[in-house]
Amino acid sequence: MNPYILAALLFGLGLGTTITFASSHWLLAWMGLEMNTLAIIPLMAQHHHPRAVEATTKYFLTQATAAAMLLFASTTNAWLTGQWDIQQMSHPLPITLITLALALKIGLAPVHSWLPEVLQGLDLTTGLILSTWQKLAPFALLLQIQPANSTILIAFGLASTLVGGWGGLNQTQLRKILAYSSIAHLGWMILVLQFSPSLTLLTLLTYFIMTISTFLVFKLGKSTNINMLATSWAKAPALTALAPLVLLSLGGLPPLTGFMPKWLILQELAKQDLALTATLAAMTALLSLYFYLRISYAMTLTMSPNTLTGTTPWRLQHSQFTLPLAMTATATLLLLPLTPAVVALLTL
């Protein structure tokens, strides 16, 4: 892609999100979301592969549906209450409709089916943008409206953690596994949204760090399915040793960063007398953990046939820029000791 066009599209992505962040009026927020969608579409279809075009079409249709729903709900709100302000939502009908529209935008269960299909059709770089940056604007709106109906959020959250765990079990494609992982993490964020918005933001931030490092690991090894991971030990031996730890952090195992948000969320749910919800969420995390372990096993404990071409690639110089991977992988593995400081910041 022409670098000028690429720069313009990335600027459009940034501007769309910033407009949504800065807006207090529903029309402006809607405009930011639309700019966001329209800026990423050429990035998704840039390879002109039938699969990429199909993924782009599916993405466009779902985002357009969610945007139309958002516009309809905000107009209904203005009609019922005379208010266009995002933080002045008082009527339950538009609040529920907007929550549903934003859930469709980010890919929460039960309106999640588009996300694995779309992510599977994209290359890893665009998939990374879709899994991280594109979640920011809808989350900013969800945090601002603070939906009054807590039942719908808890239902969305539990459904997402369950679908995110179950859906990834029988997958062999890494991008689909990462899509289901995204759904499960979004479920955790939504569960705690109404009780502690700052904890939701912390979970979103740690999810971003872990997802970026996972995508970059796969991008470095050019891996798109589980079988391709068997050759990664020959391409980058040190990275292959660290990758299972990155994946287990994504799954939320204790000595790693990914355990921090899960621990704090379960603690918050227990404080709110939602012990059953916390138990169910913790059990669905085991489902996700299983497929992360499966990827770790495929990566480190299976070996491809040791042909001469299979054993030489790691000797060659990598053409990829690895500083972002080094930084995010370090953060993914080593931030758990900062938990007391994070808790102190959350309670300010």
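The structure this text deals with has already been given above.
Residues numbered from 1 in each chain as written. Predicted model: local features only at pLDDT ≥ 70, side-chain atom pairs only at ≥ 80, totals over all residues. Heavy atoms only, no water.

A. The packing of aromatic side chains, seen in detail. For the structure on display, the rule yields four aromatic pairs. Where F291 meets Y292, the ring centres are 5.0 Å apart and the plane angle is 55°; that geometry is what we call tilted. No difference in accessibility class separates F291 from Y292, as the two residues are buried. Here the basic side chain of K262 rests over the ring of W188, its NZ or CZ set 5.3 Å away from the ring centre. (Phe/Tyr/Trp six-rings, centres within 6.5 Å; stacked < 30°, edge-to-face > 60°. Buried < 20%, exposed > 50% of the residue type's maximum accessible area, 1.4 Å probe, protein only. Lys NZ or Arg CZ within 6 Å of the ring centre and 35° of its normal.)

B. How the structure looks around the nonpolar core. Y59, V118, L130, F218 and I295 are the most contacted members of the largest nonpolar core, which has 50 residues in total. Contacts of F218, omitting those with residues within four sequence positions, involve L124, L174, L178, S223, L229, L247 and I295. Ranked by size, the runner-up nonpolar core spans 32 residues in total, among them L70, A73, M89 and F139. (Core = buried A, V, L, I, M, F, W, Y, C linked by side-chain atoms within 4.5 Å. Contact = heavy atoms within 4.5 Å.)

C. Fine view of unusual backbone geometry. The peptide bond linking A109 to P110 adopts the cis configuration, its omega dihedral lying at 5°. In this structure, H48 takes a positive phi of about 55° despite not being glycine. As for its placement among the helices and strands, H48 is situated in the loop between α2 (26–44) and α3 (50–81). One non-glycine residue, K222, lies in the positive phi region at around 50°. Relative to the elements of secondary structure, K222 occurs in the loop between α10 (197–220) and α11 (232–235). (Helix = DSSP H or I, 4+ residues; strand = E, 2+ residues; numbered from the N terminus.)

D. Expanded view of the environment of P50. Within the secondary structure layout, P50 lies in helix α3. Expressed as a C-alpha distance, the spacing of P50 and G121, which sit 71 residues apart in the sequence, is 8.7 Å.

E. Structural view of the packing of helix α4 (residues 92–106) against helix α7 (residues 136–145). Contact geometry for α4 and α7: axes closest at 10 Å, N-to-C directions at 155°. Regarding the angle of α4 to α7, the classification is roughly antiparallel. For the pair α4 and α7, the crossing hand works out as left-handed. Counting all contacts with α4, which are made through I98, T99, L102, K105 and I106, the residues of α7 involved are P138, F139, L141, L142 and I145. Of the residues contributing to the contact of α4 with α7, the split by class is eight nonpolar, one polar and one charged. (Axes fitted to C-alpha atoms, helices over the stretch in contact; angles between N-to-C directions. Parallel < 35°, antiparallel > 145°, perpendicular 65-115°, else oblique. Left-handed = near helix turned anticlockwise from the far one by under 90°. Nonpolar A, V, L, I, M, F, W, Y, C, P; charged D, E, K, R; others polar.)

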